[in-house]
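The chain contents come next:
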Amino acid sequence: EDQVTQSPEALRLQEGESSSLNCSYTVSGLRGLFWYRQDPGKGPEFLFTLYSAGEEKEKERLKATLTKKESFLHITAPKPEDSATYLCAVQARNYGQNFVFGPGTRLSVLP
Amino acid sequence: DGGITQSPKYLFRKEGQNVTLSCEQNLNHDAMYWYRQDPGQGLRLIYYSQIVNDFQKGDIAEGYSVSREKKESFPLTVTSAQKNPTAFYLCASSIGRLAKNIQYFGAGTRLSVL
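Residues numbered from 1 in each chain as written. Chains lettered and ligands numbered in written order. Predicted model: local features only at pLDDT ≥ 70, side-chain atom pairs only at ≥ 80, totals over all residues. Heavy atoms only, no water.

**Q** Describe the overall build of chain B, naming the residues involved and giving the relevant values.
**A** Regarding its fold elements, chain B presents 0 helices and 11 strands. Counted from the first residue to the last, chain B has its helices and strands arranged as β-β-β-β-β-β-β-β-β-β-β. Along the first, second and third principal axes, the C-alpha set of chain B runs to 40 × 25 × 25 Å. Sorting the 114 residues of chain B into buried and exposed places 48% on the buried side. Intrachain contacts of chain B at a sequence separation of at least 6 include 52% that bridge at least 24 residues. Counting every atom, chain B has about 5,700 Å² of accessible surface; 49% of that belongs to carbon and sulfur. (Helix = DSSP H or I, 4+ residues; strand = E, 2+ residues; numbered from the N terminus. Buried < 20%, exposed > 50% of the residue type's maximum accessible area, 1.4 Å probe, protein only. Contact = heavy atoms within 4.5 Å. Areas by Shrake-Rupley, 256 points an atom, 1.4 Å probe, with all protein chains shown as cover.)

Written out as C-alpha cells, the structure reads:
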C-alpha cells in the first residue's frame, strides 16, 4: 500500500539546536516530493519541491534532501519563528496530479 | 494580489443542515482541490477538479458535493449525510500540468457542529 510517514510526530528544540525531520514514502513511480509549513489555524505554505534522488534545496535555515526512500528537512540553528507543523507530500504515478500527504511533524523551538 | 480565498473562516452546522464552503482563486490555475484535515492526520482528499465542468471523487467523498462552473471557483457542500463534519477544510489549486504541479492553499475554513 502506498503511504507517506513522518517522524518524529513532535520535536522540541532549543533555539540554535539543529536537527532533522524525516519523511519516508513507499510509492511506485515518484514524480515529486513536496515540503510545506503549516502554522496553527492556517493553510499550508509551500517550501520545496524535490524531483530526483540526490537533489537538495535550501531556503534560509532549511535544507531539504531526497533519497529513493525518504526525504529529510534539515533545520540549522532554528529560531522560535520556525515553530510550525511541517508536512510532506508525494506525487506518484498511480495518483496522477494528486498528492499523498504525511501526518506532519510538529516543531517547537524554545527561546 | 494573487491567491486563494476561502470563506467563511469559521462555520457552524446544525443537525440535518447542508452548508457550503467557498473557494475562489485568481491564479489562473486549471486544477482545484478540497482536503479535510483532522488532528494528527494528514490531509485527505475529498474532491478534485482538473478542468471546468469536470470533477472527480477523492478518498473521502461520501457526504460531500462540489461544482466547477467557473475556472476561478470550486465550492464544497457538506451535506447532512456527512455524520462527522467537524474538521478543518482546505482548498488548493495548481497549474494542472504534471511538470509544475505545486499545490497552493487557502487559509482554510473550520467547520463545527452545533
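Moving on from the model shown.
**Q** Lay out the layout of surface pockets with the relevant residues and their values.
**A** The space that makes up the largest pocket amounts to roughly 490 Å³. A:Gln38, A:Thr85, B:Gln37, B:Pro39 and B:Gly40 are, among the 23 residues lining the largest pocket, the residues nearest its centre. At the level of secondary structure, the elements contributing two or more residues to the lining of the largest pocket comprise strand E9 (84–92) and strand E11 (105–110) of chain A together with strand E9 (87–94) of chain B. Here the residues of the lining of the largest pocket are counted per class, giving 8 nonpolar, 9 polar and 6 charged. Considering the residues around the second largest pocket, the lining is formed by 15 residues, among which A:Phe99, A:Val100, B:Leu43, B:Leu45 and B:Asp59 are closest to the centre. If you list the elements that add at least two residues to the lining of the second largest pocket, you get strand E10 (99–101) of chain A together with strand E5 (44–51) of chain B. Tallied by class, the residues present in the lining of the second largest pocket amount to 8 nonpolar, 4 polar and 3 charged. (1 Å grid on protein atoms, 1.4 Å probe; cavity = no way out; pocket = protein on both sides within 12 Å on 5 of 7 lines; lining within 4 Å. Points joined across faces, edges and corners; volume = space filled by probe spheres on them. Nonpolar A, V, L, I, M, F, W, Y, C, P; charged D, E, K, R; others polar.)

**Q** Help me get a handle on the pairing of strand E2 (residues 10–13) of chain B, residues and values and all.
**A** All names here are of chain B. A one-sided burial pattern is seen for E2, the buried positions being Leu 11 and Arg 13 and the unburied ones Tyr 10 and Phe 12. Both E2 and strand E11 (residues 109–113) contribute to a ladder of 4 bridges, which runs parallel. Looking at the pairing, Leu 11 lines up with Leu 111 of E11. (Pairing = 2+ DSSP bridges.)

**Q** So what's going on with the side chain of B:Thr79? Residues and values would help.
**A** With respect to the helices, strands and loops of the structure, B:Thr79 is situated in the loop between strand E8 (76–78) and E9. In this structure, B:Thr79 is in contact with B:Arg13, B:Gln17, B:Asn18, B:Gly63, B:Tyr64 and B:Ser65, ignoring residues within four places of it in sequence.

**Q** Any details on the sheet that holds strand E1 (residues 3–7) of chain A? Residues and values, ideally.
**A** Residues and elements named next belong to chain A. Strand order in the open sheet formed by 5 strands is E1-E3-E8-E7-E6, and the pairing between neighbours is antiparallel. The open sheet has two edge strands, E1 and strand E6 (56–59), and neither has a second partner. Across the sheet, the mean angle separating the axes of adjacent strands is 15° when strand polarity is ignored. Direction of pairing for strand E7 (residues 62–66) relative to strand E8 (residues 70–75): antiparallel, over a ladder of 5 bridges. The partner of Leu 62 across the bridge, within E8, is Ile 75. (Axes fitted to C-alpha atoms, helices over the stretch in contact; angles between N-to-C directions.)

**Q** Provide a residue-level description of the packing of aromatic side chains, including the pertinent values.
**A** Counting across every chain of the model gives 12 aromatic pairs over all chains. With a centroid separation of 6.2 Å and 65° between ring planes, the pair formed by A:Phe46 and B:Tyr104 is classed as edge-to-face. Of this pair, A:Phe46 sits in strand E5 (residues 45–50) while B:Tyr104 is found in strand E10 (residues 104–105), placing the two residues in two different chains. Their ring planes at 40° and their centres at 5.7 Å tell us that B:Tyr35 and B:Phe105 sit as a pair that is tilted. Placement of the pair is B:Tyr35 in strand E4 (residues 31–37) and B:Phe105 in strand E10, with a sequence separation of 70 residues. Side by side, B:Tyr35 and B:Phe105 carry an identical accessibility label, which is buried. Feature note: the residues A:Phe34, A:Tyr36, A:Phe46, A:Phe99, A:Phe101, B:Tyr33, B:Tyr35, B:Tyr104 and B:Phe105 constitute an aromatic cluster, connected by ring pairs. Looking at B:Arg68, its charged tip hangs above the ring of B:Phe74, at a distance of 6.0 Å from the centre. (Phe/Tyr/Trp six-rings, centres within 6.5 Å; stacked < 30°, edge-to-face > 60°. Lys NZ or Arg CZ within 6 Å of the ring centre and 35° of its normal.)

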